[in-house]
Amino acid sequence: MIIEYEDSDRTTRHRTIRFGNLFSPNGPTSTLARRLCETHDCLLAEADIQKHLVRLQRLTKQALDEADTEKETAVQTPAETADAPSKAPAETVVESQKADLGLLYRDPEKALQNVDLNSADDITLKEFKDKMNETFESKAITSDHPDYVYDKRVEVKPTQKSDWDSDSD
């Protein structure tokens, strides 16, 4: 990443920041942003660094997707595409999505929908859990909330007989 800035005597300067193997299109950006903020905070705030890293991730993913599309198009010959049977979806299966911190910062609701955190690293897992807790706390009805009811009881009338419930007759 190259940062262009003006110093005190209005001279335009450039600072090159090398990420090495710390940056990946799918990896967490929060730790990298914190680390860069500690070493380059005179140039950018952590929130600005985070915003630029997420944008860089999006551009990198876009470039990789375009490259993959070009490879797939080049591999398939016109005869193969003409003979290929059309595949109709048998049933809709909702696949879980990979934990994406960039998406978590851009669109938390979408990022939290059907997310698979089993393969997430510790930092990503912590960020997602923090966002989940924040969402829970914002929707929780505590004792000081106007809609709070102490000892709420609801009578449930089952519509079907259940084999696992011995009390329902």
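Since we're looking at a predicted model, the values are computed, not measured.

Moving on: the pattern of salt bridges. Using the criterion set out here, one finds four salt bridges in the structure. Residue Lys61 pairs with Asp100 through a salt bridge whose shortest N-O separation is 3.0 Å. Remark: Asp100 occurs in the loop between β3 (97-98) and α4 (101-106) and Lys61 occurs in helix α2 (residues 46-75); sequence separation between them is 39 residues.

Under the 1.5 Å per step criterion, the end-to-end length of helix α6 (residues 122-139) is 26 Å for 18 residues, consistent within 8% with the ideal 26 Å. Along α6, the residues that are buried comprise Thr124, Glu127 and Phe128. Down the axis, α6 shows its buried residues gathered within 95° of arc, on one side only. The outward face of α6, more than 90 degrees from its buried face, is lined by the exposed residues Asp122, Lys126, Phe136 and Glu137. Of the residues that open α6, the one with a side-chain oxygen 3.2 Å from the backbone nitrogen of Ile123 is Asp121.

Next up on the list: the side chain of Glu127. Its place among the elements puts Glu127 in helix α6. Note on Glu127: relative accessible area 14%, which makes it buried. Apart from residues no more than four positions distant in its own chain, Glu127 is found in contact with Ser30, Arg34, Leu101, Leu104 and Tyr105.

Together, Ile141, Tyr148 and Tyr150 make up a nonpolar patch on the protein surface, roughly 370 Å² of accessible area in all. With respect to the secondary-structure elements, Tyr148 resides in the segment after α6. Judged by its relative accessible area of 36%, Tyr148 falls in the partly exposed class.

Now for the confidence of the model for the chain. Residues shown with low pLDDT carry predicted positions that ought not to be read at fine detail. When pLDDT is averaged along the chain, the result is 76, and 80% of the positions lie at 70 or above. Per-element mean pLDDT across the chain ranges from 52 in helix α3 (residues 78-83) up to 87 in α6. Contacts of residues 88-92 to residues separated by more than four positions or lying in other chains number zero contacts, the stretch itself having pLDDT below 50.

One can find Leu125 in helix α6. C-alpha separation for the pair Leu125 and Pro28, spaced 97 residues apart in sequence, amounts to 9.8 Å.

Bringing the nonpolar core into the picture now. In terms of nonpolar packing, the biggest core is built from 11 residues, these being Ile3, Ile17, Phe19, Phe23, Leu32, Ala33, Leu36, Cys37, Leu44, Ile49 and Leu53. For this core, the secondary-structure elements that each account for two or more residues are α1 (30-40) and α2. Considering each element in turn, this core owes the most residues, four residues, to α1. Counting residues in each nonpolar core, the second largest holds nine residues, with Leu104, Ala111, Val115 and Phe128 among its members.

Positive charge collects at one region of the surface, where Lys51, Arg55, Arg58, Arg106 and Lys110 lie side by side. Top element by residues in the positive patch is α2. It accounts for three residues. Within the secondary structure, Lys51 is located in helix α2. Owing to a relative accessible area of 52%, Lys51 belongs among the exposed residues under this scheme.

So, how was this worked out
- Here the residue numbers are simple positions, counted from 1 along each chain's written sequence.
- Residue-level local features of this predicted model are given only where pLDDT is at least 70; pairs of side-chain atoms are given and counted only at 80 or more, and the full residue set underlies all totals for whole chains, interfaces and linings.
- Note: side-chain values were computed over all heavy atoms of the structure, leaving out hydrogens and water.
- Salt bridges are defined as contacts in which a side-chain nitrogen from Lys or Arg sits within 4 Å of a carboxyl oxygen from Asp or Glu.
- For the purposes of this entry, the term helix denotes a DSSP run of H or I that reaches at least four residues, the term strand denotes a run of E that reaches at least two, and both are numbered from the N terminus.
- An expected span of 1.5 Å times one less than the residue number is assigned to each helix.
- When accessible area is computed with a 1.4 Å probe and restricted to protein chains, residues below 20% of their type maximum are described as buried, those above 50% as exposed, and intermediate ones as partly exposed.
- The directions from the helix axis to the C-beta atoms are what the arc is built from.
- Two N or O atoms count as a polar contact when they lie within 3.5 Å, although within protein this holds only if one can serve as hydrogen donor and the other as acceptor, and sequence-adjacent residues are included solely when both atoms are side-chain atoms.
- In this analysis, two residues are considered to be in contact whenever any of their non-hydrogen atoms come within 4.5 Å of each other.
- Each patch groups residues whose relative accessible area exceeds 30% and which form no salt bridge, using 9 Å between like charges and 5 Å between nonpolar side chains of Val, Leu, Ile, Met, Phe, Trp and Tyr.
- The accessible surface values rely on the Shrake-Rupley method and a 1.4 Å probe; as for residues, cover is taken only from the protein chains in view.
- As a per-residue quantity, pLDDT reports the predictor's confidence and falls between 0 and 100.
- Side-chain atoms within 4.5 Å link the members of a nonpolar core, which is a set of buried Ala, Val, Leu, Ile, Met, Phe, Trp, Tyr and Cys residues.
- Residues scored as charged are limited to Lys and Arg (positive) and Asp and Glu (negative), so that His and the chain ends carry no count.
- For this purpose, a charge sits on NZ of Lys, CZ of Arg, CG of Asp or CD of Glu.

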